[in-house]
Amino acid sequence: MSDRLPQDVEIAVIGAGIAGASVAAELATSARVALLEREAQPGYHTTGRSAALFSTIYGPAPIRALSRASAPFFDAPPEGFAAGPLLSPRGVIMIARQDQLGSVEAMLAELAQGSAVDRLDAAAIAAMVPLLRPGYAVAAVHEPGARDIDVDALHQGYLRRFRARGGRLVTDGGVDALAHDGQGWRIDTGRGAIRAGTVVNAAGAWADEIAALAGAAPVGLVPKRRTAMIVSAPEGVSVSGYPTVVDIDEQFYLKPDSGRLLISPADETPSPPCDAQPEEIDIAVCVDRIERAFDLKVARIDNKWAGLRSFVADKVPVAGYDPSVPGFFWLAGQGGYGIQSAPALARCAAALVLRADPPADIVEHGLDVRDLAPERPACRR
């Protein structure tokens, strides 16, 4: 249910996906906050189409730091946050053919410090994933601690927390205009106008478009389409205990999903901001790659979808005040890592919005907030 649009707040967060919902919940402890969502329900776009894997070896170094710092929240969420655990056991193996061994060595070298991974040989891979074609994979990086995320429970938990702290969630509240008068922002939405001292731009694939309304320069955000589909496992084969299997160069992945298989070509096709839909060519590429790697014949696709994962050039999120536009805060570019890094990124971004130091425990995991700044070279083309 949507709340009434308040006349004025201290902070308006644009976008109620996981980024906006989580930072709004953190900010609502100390400020009057409105969360503005253009759709009829929060999380309709990228948040609701995630592959839902928690991995501390996935992504560039700042993402890995944020993911490590998020683990305590996932393992022990606040009382009443969710009805059950947010994470469940899964594991992940990043498999390599003979010609991809260099990628295995490069990943292991990058992860050498403090990462709970091991290197698997062909026999160990075959024992773990019997469905792989014999001889296909000769090595893998194994992260046994990777887990599935209950994305809906995480997202709904943050939305409940936000409202319990007095926040206002306004759906069908797409932003049409933004104007700063020296005292604060006037925000024109589909539900009317609202005033706010600070605007947090958590609009996902639309973040550069929101910035343009505010008179801010774009950060070069590129939404990229990612396709996924559900198919049946071979008859008589139980896949529930399989790890997620990812090509070391991210050419495909396969993940158990309620007795069936979620598969993807791991595509990253640039797209304008939109309600992304799967393309037939990407479906065909996916099926071909999966059938080459696995002893699996895809006779029928039970479900298919696509979502947008938005990146700037260095694939690191953008979190910080715009250097040229007063009171305009960026929280964008989470790419494919937004769910698993949300707890730590929300806490860090909330501190920066309030002009406080980032939480010490997040810094201790190796995050330098300068790597997130919108004025860094990767954000200015």
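Residues numbered from 1 in each chain as written. Predicted model: local features only at pLDDT ≥ 70, side-chain atom pairs only at ≥ 80, totals over all residues. Heavy atoms only, no water.

Asker: Help me understand the environment of glutamate 26, please; the structure alone is not making it clear to me.
Answerer: Within the fold, glutamate 26 resides in helix 1 (residues 18-27). Sequence-wise, glutamate 26 and arginine 161 are 135 residues apart; in three dimensions their C-alpha atoms are separated by 8.6 Å. If sequence neighbours within four positions are ignored, glutamate 26 has contacts with Tyr158, Arg161, Arg165, Ala346, Arg347 and Ala350. (Helix = DSSP H or I, 4+ residues; strand = E, 2+ residues; numbered from the N terminus. Contact = heavy atoms within 4.5 Å.)

Asker: Before we go on, may I ask you to explain the packing of helix 1 against helix 8 (residues 342-353) in this structure?
Answerer: Each pair of packed helices can be described by the angle between their axes along with the distance between the axes. Across the interface, helix 1 lies against helix 8 with an axial gap of 8 Å and an inter-helix angle of 55°. Classified by the interaxial angle, the pair formed by helix 1 and helix 8 is oblique. Considering only the axes of helix 1 and helix 8, their crossing is right-handed. Residues Ile18, Ser22, Val23, Glu26 and Leu27 of helix 1 touch helix 8, and the partners they reach there are Ala342, Ala346, Arg347, Ala349, Ala350 and Val353. (Axes fitted to C-alpha atoms, helices over the stretch in contact; angles between N-to-C directions. Parallel < 35°, antiparallel > 145°, perpendicular 65-115°, else oblique. Left-handed = near helix turned anticlockwise from the far one by under 90°.)

Asker: How do you make sense of the packing of aromatic side chains when you look at a structure like this?
Answerer: Aromatic rings considered in pairs are described by the distance between their centres and by the relative angle of their planes. Under the defined criterion, the tally for this structure stands at ten aromatic pairs. Considering the side-chain rings of tryptophan 185 and phenylalanine 328, the 6.1 Å spacing of their centres and the 55° angle between planes classify their relative orientation as tilted. Of this pair, tryptophan 185 sits in strand 11 (residues 185-189) while phenylalanine 328 sits in strand 20 (residues 328-332), and the two are 143 residues apart along the sequence. Comparing tryptophan 185 with phenylalanine 328, the two get one shared label, buried. On the numbers, 6.0 Å between centres and 75° between planes, the contact of phenylalanine 252 with phenylalanine 294 is edge-to-face. One end of the pair, phenylalanine 252, is in the loop between strand 14 (244-247) and strand 15 (253-257); the other, phenylalanine 294, is in the loop between helix 7 (280-293) and strand 18 (301-311), and 42 residues separate them in sequence. (Phe/Tyr/Trp six-rings, centres within 6.5 Å; stacked < 30°, edge-to-face > 60°. Buried < 20%, exposed > 50% of the residue type's maximum accessible area, 1.4 Å probe, protein only.)

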